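Read off the chains here:
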Amino acid sequence: MFNAHSMDVIAIDGPAGSGKSTVARDLAMRLGRFHLDTGALYRALTWKALDQKADLEDAAALLALLGCTALGFEGDGRILVDGVDRSKEIRTPEVTRQIYRIAEKGEVRARLRPIQRALVSGRSAVAEGRDMGSVVFPDARWKFYLDGDESVRAERRWRELVPGNPSLTREEVLTELKDRDAHDTQRAAAPLVCPPGAVRIDTTALSIEDVIEKIEKIVQRKG
Ligand code: DC
């Protein structure tokens, strides 16, 4: 249910590599808030659809699959899909490549909306994604939009991914990031935008710590 508690949300949106996941996780820990990683929910559904060999173009089949899927988070942020920790499975390159096919479907997004609100319901939260301030938590008390130069964001992603995949090149990561930016900003359903009223932070030349400090100051001022 969407209720007054949704107001106590710090909504953080932004493209891949903007630093929002690390910022959201650390900020939530510092402020004692629940961290809602909505990318993980889209990834979980994509993983399950691939695992079950569902047709990713069949919105009805995806809705049926979502209807019989339990999504939740452990206290430490690991994602549970039907009660099983799938944190590793949801971050494979295959899931990252296919996710836009799920994320672009308005029907799927509409069904995920109440799930996201229910996960937050009754608690204070930091919610991160692509449509937090614009669609899922339009009444969030605080809204931030993190952005940054494409090449710097790609470099961050590459540093994150290369330990698990030593042959990965920077060019591959930049190509994947450009693709994802294009899909996220150009889809008809809830495209990535800087929501009205959001504070925009260019993270190109900032450390994670700098970004968290900026956000914390604003949250305390308006708290
Ligand atoms: O934040 P992430 O990289 O884990 O997100 C993966 C993809 O999920 C992203 O490219 C688009 C989609 N997504 C979305 O469409 N809406 C959200 N609120 C969160 C993620």
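Provided above is the structure to which this section pertains.
Because the structure is predicted, anything quoted here is derived from the model rather than measured. (Residues numbered from 1 in each chain as written. Predicted model: local features only at pLDDT ≥ 70, side-chain atom pairs only at ≥ 80, totals over all residues. Heavy atoms only, no water.)

Participant: Would you mind going over the packing of helix α2 (residues 38-51) against helix α3 (residues 59-67) with me for this structure?
Facilitator: Geometry of a packed helix pair, given as the angle between the helix axes and the separation of the axes. At a minimum axis distance of 11 Å, the contact between α2 and α3 shows a crossing angle of 110°. Between α2 and α3, the angle is such that the two are roughly perpendicular. Every residue of α3 that contacts α2 at L45, K48 and A49 is listed here: L62, L65 and L66. Taken together, the residues of the contact of α2 with α3 sort by class into five nonpolar, no polar and one charged. (Axes fitted to C-alpha atoms, helices over the stretch in contact; angles between N-to-C directions. Helix = DSSP H or I, 4+ residues; strand = E, 2+ residues; numbered from the N terminus. Parallel < 35°, antiparallel > 145°, perpendicular 65-115°, else oblique. Contact = heavy atoms within 4.5 Å. Nonpolar A, V, L, I, M, F, W, Y, C, P; charged D, E, K, R; others polar.)

Participant: I'm lost on the site of the ligand in this one. Help?
Facilitator: Neighbouring the ligand are 16 residues, the closest being T38, R43, R109, D131 and R180. Contact between the ligand and R109: an oxygen atom at 2.8 Å from a side-chain N or O atom of the residue. Within the side chain of R187, one N or O atom sits 3.1 Å away from an oxygen atom of the ligand. Here the ligand, which alone exposes 450 Å², has 96% of that area covered by the protein. Listed by contribution, the elements that provide at least two residues to the shell around the ligand are α2, α4 (93-103) and α8 (170-186). Considering each element in turn, the shell around the ligand owes the most residues, four residues, to α2. Of the residues belonging to the shell around the ligand, the class tally is four nonpolar, three polar and nine charged. (Near = heavy atom within 4 Å. Polar contact = N/O pair within 3.5 Å; in protein donor to acceptor, adjacent residues only side chain to side chain. Areas by Shrake-Rupley, 256 points an atom, 1.4 Å probe, with all protein chains shown as cover.)

Participant: It is not clear to me how the nonpolar core should be interpreted in this structure. Could you clarify?
Facilitator: A general tendency of soluble globular proteins is for nonpolar side chains to be buried together. Core analysis: the largest hydrophobic core is formed by 35 residues, its most contacted members being L36, L41, F73, I79, I102 and F137. Per-element tally for this core: the top contributor is α2, with seven residues. Setting aside anything within four residues of it in sequence, one finds L36 in contact with L41, F73, Q116, L119, V120, V126, A127, E128 and F137. Listed in part, the 15 residues of the second largest apolar core include I12, A24, V211 and I212. (Core = buried A, V, L, I, M, F, W, Y, C linked by side-chain atoms within 4.5 Å. Buried < 20%, exposed > 50% of the residue type's maximum accessible area, 1.4 Å probe, protein only.)

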